[in-house]
Amino acid sequence: MTSQDPAGRGTRARATLMALFLANTLSWGDRALLGVVVDPIKHDLLLSDTQMSLLNGAIFIAFNLVAGVAISHWVDRGNRKFILLIGVAIWSIATAFIGAASGFASLATALVLVGVGEATVFPVALSMIGDLRAPAERPRAVAMFQAGTFVGLVGGSILAGVLAAAHGWRWMFVMCGAGGLVLMMGMLFAVRDPARRTDGLSLDATADDDARGAIRRVLATPGFVPLSLGIGFLGTVGAVLGAWGPAFLQRSHHVPLAEVGAVIGPAVGISGIAGTVIGGVLATLLVRRRDSERAGLLVPLVATPLATPFLALFVFAPTLAGAMTATAMMTFLISLGVAPCFALGSDIVSHRVRALASTLMLFAFGLIGSAMAPFVVGFVSDALAPTYGIESLRYGLATMIVTPVAATLLLLLAYRRLADLAPCVRDPATAAVIH
């Protein structure tokens, strides 16, 4: 493939996109494992909700994000296939070693290595998608990649519940880690690192080999900071569902461990996949029709605030059916906006820092959504436990009800700051594909 054939119409290009989807699926599937077995691990290793929230949130995310920033600079310059394969190997081996954890320290060490390995997936994928698809097609391509998030959450949740009930949580982690190594071997033959392309909207095409200078350049892009912060608050719902949803269903709705994945998985997975794909398609249509990348933001600006009442219903619904219906609706509405936001963020910067920009967005997504939000829920749950007992987790989850509103306000600010951007650039060589 050359820069004159960036649309990625060949068999190897399609295989590469599929491999990226599977890597994302595996990554999020492995992340879902710990959330399903929070209570068994907590009891076996004598840990608190606050410690579990640190393990499943702040500690994992901190190393994942810091490593991601360093890795993204490498991705923008190095062999992306090699970087991805190394990442899959590291996190799969570390996932297996979670099964040998004997306490907080050993469990944290394994999760740190999982976080470092998984930090390769997103920057590699967003960088490659930018080379395999033309600008107007990227929201849809990113949506297909992001759909792996919900496939992974569903598959991981169901698999974790079944395997943990049958073999115990330790062997569950060992078996899932071995599965990742099998996928890595398949990716060795399927993935191709495409030629880097330069078309599309680029506010700054100046090369900058200094990492800190590149970060400053990306952060100075109009609208990038509020867009990234908006993505962060957009991520709180999914992160909290993954970290605390299974425990909430077990404690407040008395769902057995073996069944919790099957209960929450379809509600999150089906609606999440549908929302992600539909959001990408809608954003692509809006970008084409208005000839402007920022038009894709109209999707989350409309959908995200509508998720607020469903989040409240999930927390306070008296029945399991009501909680799962609310889960499906809020997940669908939130997921509509994820792909358009990430696609826009990687389009408004130079192709030379595309992986870095996507990682900085993921940094906000992870810091606010995956680290801070689960920690707040766990901390509030522990604080209220003497008064409310097992129902304290319900009130910890209630602290998240305001996050869709915060996300909407930040995305609106980004939309306004992007008002002066030029229309998206079309590559004549890919016009037939785009139109």
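Residues numbered from 1 in each chain as written. Predicted model: local features only at pLDDT ≥ 70, side-chain atom pairs only at ≥ 80, totals over all residues. Heavy atoms only, no water.

Visitor: Hey, could you go over the packing of aromatic side chains for me, with residue numbers and the actual values?
Guide: Summed over the entire model, instances satisfying the criterion amount to nine aromatic pairs. Note on W169 and F173: the rings are 6.3 Å apart at their centroids and 85° apart in plane angle, and the pair reads as edge-to-face. With W169 and F173 both in helix α8 (residues 169-190) and four residues apart, this pair spans about one turn of that helix. Note on F173: relative accessible area 1%, which makes it buried. Connected via pairs of aromatic rings, a cluster forms that spans F122, F145, F342 and F365. Over the aromatic face of W28 sits the side chain of R31, whose NZ or CZ is 4.4 Å from the ring centroid. Against the face of Y415 rests R294, its NZ or CZ located 4.0 Å from the ring centre. (Phe/Tyr/Trp six-rings, centres within 6.5 Å; stacked < 30°, edge-to-face > 60°. Helix = DSSP H or I, 4+ residues; strand = E, 2+ residues; numbered from the N terminus. Buried < 20%, exposed > 50% of the residue type's maximum accessible area, 1.4 Å probe, protein only. Lys NZ or Arg CZ within 6 Å of the ring centre and 35° of its normal.)

Visitor: Summarise the layout of surface pockets; cite the residues concerned and give the values.
Guide: Within this model, the largest pocket holds a volume of roughly 230 Å³. Forming the boundary of the largest pocket are R14, L17, M18, L20, F21, I129, R133, E137, R140, A141, M144 and F145. Contributing elements (two or more residues each) for the lining of the largest pocket: α1 (11-36) and α7 (138-167). For the lining of the largest pocket, the leading source of residues is α1, giving five residues. Grouping the constituent residues of the lining of the largest pocket by class yields eight nonpolar, no polar and four charged. Each pocket or cavity is described by its volume, and for the second largest pocket that value is around 190 Å³. Those elements that provide at least two residues to the lining of the second largest pocket are α1, α7 and α8. Top contributing element to the lining of the second largest pocket by residue count: α1, with six residues. In the lining of the second largest pocket, the residues fall into seven nonpolar, six polar and one charged. (1 Å grid on protein atoms, 1.4 Å probe; cavity = no way out; pocket = protein on both sides within 12 Å on 5 of 7 lines; lining within 4 Å. Points joined across faces, edges and corners; volume = space filled by probe spheres on them. Nonpolar A, V, L, I, M, F, W, Y, C, P; charged D, E, K, R; others polar.)

Visitor: Lay out the domain arrangement of the protein in plain terms, naming residues and giving numbers.
Guide: Along its sequence, the protein is organised into domain 1 (10-192) and domain 2 (211-420). Taken residue by residue, the interface counts 50 residues in domain 1 and 59 residues in domain 2. Summed over both partners, the interface of domain 1 with domain 2 comes to about 4400 Å²; 70% of that surface belongs to carbon and sulfur atoms. Counting across the domain 1 and domain 2 interface gives one salt bridge. When the shortest N-O distance is used, the salt bridge between R251 and D39 registers 3.2 Å. Among the secondary structure elements, those contributing two or more residues to the side of domain 1 that touches domain 2 are α1, α2 (38-45), α3 (49-75), α6 (121-132) and α7. Among the elements that take part in the side of domain 1 that touches domain 2, α7 stands out by supplying 16 residues, more than any other. Considered class by class, the residues forming the side of domain 1 that touches domain 2 number 27 nonpolar, 14 polar and nine charged. (Domains from an automatic or database assignment. Contact = heavy atoms within 4.5 Å. Buried area = accessible area lost by both parts, 1.4 Å probe. Salt bridge = Lys/Arg side-chain N within 4 Å of Asp/Glu carboxyl O.)

Visitor: Could you give an account of a nonpolar patch on the surface, with specific residues and numbers?
Guide: A cluster of nonpolar side chains, W74, F82, I86, I90 and L113, forms an exposed patch at the surface whose accessible area comes to about 450 Å². When residues of the nonpolar patch are assigned to their parent elements, the largest contribution, three residues, is made by helix α4 (residues 80-98). Relative to the assigned elements, L113 resides in helix α5 (residues 104-118). (Patch = residues over 30% accessible without salt bridge, like charges linked within 9 Å, V, L, I, M, F, W, Y side chains within 5 Å. Areas by Shrake-Rupley, 256 points an atom, 1.4 Å probe, with all protein chains shown as cover.)

Visitor: Give me the lowdown on empty space enclosed by the protein, citing residues and values where you can.
Guide: According to the stated counting rule, one finds eight cavities of 30 Å³ or more in the structure shown. Taken as a whole, the largest cavity spans an internal volume of roughly 310 Å³. Residue lining of the largest cavity: 27 residues in total, with W28, Q146, T149, V338 and F365 positioned closest to the centre. Looking at the lining of the largest cavity, the elements that each hand over two or more residues are α1, α6, α7, α11 (236-252), α15 (320-335), α16 (338-347) and α17 (354-388). Here the lining of the largest cavity gets five residues from one element, more than from any other, and that element is α7. Composition of the lining of the largest cavity by domain shows at least three residues from each of domain 1 (10-192) and domain 2 (211-420). Lining the second largest cavity are 22 residues, with W28, R31, A32, N56 and F60 positioned closest to its centre. Where the lining of the second largest cavity is concerned, the elements lending two or more residues are α1, α3, α4, α5 and α11. It is α1 that provides the largest number of residues to the lining of the second largest cavity, a total of six residues. The class makeup of the residues in the lining of the second largest cavity is 14 nonpolar, five polar and three charged.

Visitor: I'd like to hear about α15, residue by residue, with values.
Guide: Across its 16 residues, α15 extends 22 Å between first and last C-alpha, which sits within 8% of the 22 Å expected from 1.5 Å per residue. Residues of α15 that are buried include every one of G322, A323, M324, A326, T327, M330, T331, L333, I334 and S335, and no others. (Expected span 1.5 Å × (residues − 1).)

Visitor: So what's going on with the side chain of T331? Residues and values would help.
Guide: Checked against the element boundaries, T331 lands in helix α15. On the basis of relative accessible area, T331 is assigned to the buried category, the value being 5%. Apart from residues no more than four positions distant in its own chain, T331 is found in contact with F150, L241, V268, S271 and G272.

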